[in-house]
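Structure at a glance
Take a look at the letters that make up each chain.
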Amino acid sequence: KLFKLNTEAVALVLRELDFWVPFVAMCLSVFFISASFEHDLTSAVFCAGFMMTFTVNVLLADADLATRKINSKASDILRYINILLGVTTFSVLLTFDHFPRAKNHGYKYQVMYNEGTMEVVSMFTRFMATPLLFMTKFLVKSLVYK
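Residues numbered from 1 in each chain as written. Predicted model: local features only at pLDDT ≥ 70, side-chain atom pairs only at ≥ 80, totals over all residues. Heavy atoms only, no water.

1. Quick look at the overall build of the protein chain
Going by this rule: Here a helix means four or more residues in a row that DSSP labels H or I, a strand means two or more in a row labelled E, and each is numbered from the N terminus. Between buried and exposed lies partly exposed: a residue is buried under 20% and exposed over 50% of the maximum accessible area for its type, with that area taken using a 1.4 Å probe on protein chains only. The contact definition used throughout considers only heavy atoms, calling two residues in contact when any of these lie within 4.5 Å. Using a 1.4 Å probe, the Shrake-Rupley method yields the accessible areas, and only the shown protein chains count as cover for residues.
Across its full length, the protein chain holds four helices and two strands. For the protein chain, the α and β elements follow one another from N to C terminus as α-α-α-β-β-α. Counting over 146 residues, the protein chain shows a buried share of 32%. In the protein chain, the share of contacts with a sequence separation of at least 24, taken over all contacts with a separation of at least 6, comes to 73%. Approximately 9800 Å² of the protein chain is accessible, and the part contributed by carbon and sulfur atoms is 67%.

2. As for the environment of Phe90
Mapped onto the elements of the fold, Phe90 is located in helix α3 (residues 74–95). Setting aside residues no more than four positions away along its own chain, Phe90 makes contact with Ile33, Phe46, Phe99 and Phe124.

3. So, the confidence of the model for the protein chain
To keep it simple, the criterion reads: pLDDT is defined as a per-residue confidence score from the predictor, taking values between 0 and 100.
The pLDDT averaged across the protein chain works out to 80; a share of 86% of its residues lies at or above 70. Here residues 65–70 scores under 50 on pLDDT; set against residues more than four positions off or in separate chains, the count is 14 contacts.

4. Some remarks on the side chain of Ser36
Relative to the helices and strands, Ser36 is located in helix α1 (residues 2–36). If sequence neighbours within four positions are ignored, Ser36 has contacts with Leu94, Arg101, Ala102, Lys103, His105, Val120 and Val121.

5. Some words on the packing of aromatic side chains
Here a ring pair, both rings aromatic, is described through the centre-centre distance and the interplanar angle of the planes. How we decide: Geometry of aromatic contacts follows a simple scheme: Phe, Tyr and Trp rings, the Trp one being its six-membered ring, pair when their centres are within 6.5 Å, and the pair is stacked under 30 degrees between planes, edge-to-face over 60, tilted otherwise.
Under the definition given, this model contains ten aromatic pairs. Residues Trp20 and Phe23 carry aromatic rings whose centres are separated by 5.8 Å and whose planes lie at 85° to one another, so their mutual orientation is edge-to-face. Here Trp20 and its partner Phe23 are both found in helix α1, three residues apart, which amounts to about one turn of the helix. Here Trp20 falls in the partly exposed class, since its relative accessible area comes to 41%. With a centroid separation of 6.2 Å and an interplanar angle of 55°, the aromatic rings of Phe46 and Phe90 are classed as tilted. Highlighted residues: Phe46 in helix α2 (residues 41–62) and Phe90 in helix α3, separated in sequence by 44 residues. Judged by its relative accessible area of 21%, Phe90 falls in the partly exposed class. Taken together, the ring pairs connect Phe37, Phe46, Phe90, Phe99 and Phe124 into an aromatic cluster.

6. Brief notes about helix α4 (residues 120–144)
Quick reminder of the rule: Residue count minus one, scaled by 1.5 Å, sets the expected span of a helix. Bend angle per residue: angle between axes fitted to the 7 residues ending at that residue and the 7 residues starting there.
The terminal C-alpha atoms of α4, which comprises 25 residues, lie 36 Å apart, in line with the 36 Å expected from a rise of 1.5 Å per residue. Residue Ala129 marks the point of greatest curvature in α4, where the axis turns by about 25°; the proline Pro131 follows within four residues.

7. Concerning the pairing of strand β2 (residues 114–119)
The condition is simple: Strands are treated as partners if at least two bridges between them are detected by DSSP.
As paired elements, strand β1 (residues 106–111) and β2 share six bridges and run antiparallel to each other. Looking across to β2, one finds that Gly106 is bridged to Glu119. The antiparallel hairpin formed by β1 and β2 contains two residues in its connecting segment, where Met112 sits at a positive phi of about 55°.

Right, here's the structure in full:
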């Protein structure tokens, strides 16, 4: 009985992390993409709108605390594939410097006796990889577990 309760507790924590890890990573990536556009109002609104759309359409559609029951229609899968391709294309174009107004600002920091440099586009790419992997997992589960 105790083993079963431990298993249920671990499963509950993992299902909870299925929402929070991609959500926090996406919030950080939105901050860094906005920083690359120098926190311009238009780019900040666009990024915040994307974050809300991604949260509602992908994260909340899959990350629930109940047992997973994925019942997707074919039209929904095409929508998710288009979102994934659009975000991936945007990330690749930004990473390879195809947006004229985006600048790769570098920030220097020092911790104790160590110095480091952090670039905003690099941090965006690193943090955006987590929600994209989560969405890929969501698509695979939607296609396999109909």
